Amino acid sequence: YYERLNYAVGESNEPGSAFKVMSMVAALEAKVIDTSTIVDTGNGKYIIHGRSINDSHRGGYGKISAARALEVSSNIGFARLIEENFSENPNQFIDILKGMHLNQRLGLPIKGEGKPEIPGPGDKKWSKNALPSIAYGYNISLTPLQKMTFYNAIANNGEMVKPRFVKKIRSWDNHIESFDKEVINPAICSKETVAKVQEMLKNVVIRGTGKKMFAENFSMAGKTGTARTEYWKKD
């Protein structure tokens, strides 16, 4: 076995459910929702602009809060929250995402970093279904390391830091070179939003889609991430 590509650095693809946290941050920052905002996910199937969106839970989740939609990773919940609050001004949503550096390469010292893509109105990939699709991680692309850098910023209370692979180079006792922390964005969002998102990510592990990882003696926060790749297969 061998690799010609470092996939964590070079492969840019649809992040799927992992992107829902980015969407949540954007909606909270725009103040169009709060964590307690109710969204109707119905019976697990929803038609928007002629296209069907499904939730993995059979029978759906019914009416739930935005926070619960993140905990259970509801596609319908996020599609509706973003479409209904940003459809009149989709650029507001896209601009917040871009303001968090999600459309730019990190400038890594490793060659071959994949290019992230977040289309906006007027782009070739934009359509009437683009906004609800982006809400739950489709119609866009990011590398695994670009996603991790965002999540690291949430853990860092909003400070986005460039990934650092080497801290210092030494030759025996001789110091050759040091690599200091590089801050990409000192605050990707408000402290209030970061605190709310951190709490929701804790609950993902406690009572959401990540509950199988829960451990009494080890605190965790995170988000499960799935994406459909075999589009040709029928449901």
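Residues numbered from 1 in each chain as written. Predicted model: local features only at pLDDT ≥ 70, side-chain atom pairs only at ≥ 80, totals over all residues. Heavy atoms only, no water.

Thoughts on the overall build of the chain
Inference 1: Looking only at helices and strands, the chain features eight helices and eight strands.
Inference 2: Projected onto its principal axes, the C-alpha coordinates of the chain cover approximately 65 × 45 × 40 Å.
Inference 3: For the chain, the accessible area works out to roughly 13,400 Å², and carbon and sulfur atoms hold 49% of it.
Inference 4: Across the chain, 33 positive and 25 negative side-chain charges occur, with their mean positions spaced 4 Å apart. (Helix = DSSP H or I, 4+ residues; strand = E, 2+ residues; numbered from the N terminus. Areas by Shrake-Rupley, 256 points an atom, 1.4 Å probe, with all protein chains shown as cover. Lys, Arg positive; Asp, Glu negative; His and termini not counted. Charge placed at Lys NZ, Arg CZ, Asp CG, Glu CD.)

Considering empty space enclosed by the protein
Inference 1: In total, this model carries one cavity of 30 Å³ or more according to the counting rule given.
Inference 2: Within this model, the largest cavity holds a volume of roughly 50 Å³.
Inference 3: Taken together, M100, H101, L102, Q104, L106, L142, Q146, T149, F150 and M160 form the lining of the largest cavity.
Inference 4: Take the lining of the largest cavity: its biggest share by element is three residues, from helix α7 (residues 144-155). (1 Å grid on protein atoms, 1.4 Å probe; cavity = no way out; pocket = protein on both sides within 12 Å on 5 of 7 lines; lining within 4 Å. Points joined across faces, edges and corners; volume = space filled by probe spheres on them.)

Observations concerning the layout of surface pockets
Inference 1: Of the pockets and cavities examined, the second largest pocket occupies roughly 220 Å³.
Inference 2: Residue classes in the lining of the second largest pocket are distributed as six nonpolar, no polar and four charged. (Nonpolar A, V, L, I, M, F, W, Y, C, P; charged D, E, K, R; others polar.)

Things to note about the pairing of strand β2 (residues 45-48)
Inference 1: Bridge analysis of β2 against strand β3 (residues 51-54) gives four bridges, and the strand direction is antiparallel. Paired with I47 across the two strands is S52, which belongs to β3.
Inference 2: Connecting β2 to the antiparallel partner β3 that follows it, the hairpin turn spans two residues, and H49 within it adopts a positive phi of roughly 50°. (Pairing = 2+ DSSP bridges.)

Points about the environment of S65
Inference 1: Note on placement: S65 falls in strand β4 (residues 63-65).
Inference 2: In the structure, S65 is positioned 24 residues away from T41 in sequence and 10.0 Å away in space, judged by C-alpha atoms.
Inference 3: If near-sequence neighbours (up to four positions away) are discounted, S65 is found in contact with T35, S36, T37, I38 and V39. (Contact = heavy atoms within 4.5 Å.)

Some points on the packing of helix α2 (residues 20-29) against helix α8 (residues 191-207)
Inference 1: Direction vectors running N to C along α2 and α8 enclose 145°, while the axes themselves pass 10 Å from each other. Crossing handedness for the pair α2 and α8: right-handed. Contact residues: V21, M24, V25, L28 and E29 in α2; T193, K196, V197, M200 and L201 in α8.
Inference 2: Considered class by class, the residues forming the contact of α2 with α8 number seven nonpolar, one polar and two charged. (Axes fitted to C-alpha atoms, helices over the stretch in contact; angles between N-to-C directions. Left-handed = near helix turned anticlockwise from the far one by under 90°.)

Thoughts on the side chain of S141
Inference 1: Following the sequence through the fold, S141 ends up in the loop between α6 (130-135) and α7.
Inference 2: Look at S141 and you get buried, because its relative accessible area is 10%.
Inference 3: Of the polar contacts made by the side chain of S141, one reaches the side chain of S12; its length is 3.2 Å.
Inference 4: Dropping the residues within four chain positions of it, S141 is found in contact with S12, N13, E14, P15, K115, P116 and E117. (Buried < 20%, exposed > 50% of the residue type's maximum accessible area, 1.4 Å probe, protein only. Polar contact = N/O pair within 3.5 Å; in protein donor to acceptor, adjacent residues only side chain to side chain.)

Re the packing of aromatic side chains
Inference 1: Taken as a whole, this structure holds three aromatic pairs when the rule is applied.
Inference 2: Here F86 and F93 contribute two aromatic rings whose centre-to-centre distance is 5.2 Å and whose plane-to-plane angle is 45°, an arrangement assigned as tilted. (Phe/Tyr/Trp six-rings, centres within 6.5 Å; stacked < 30°, edge-to-face > 60°.)

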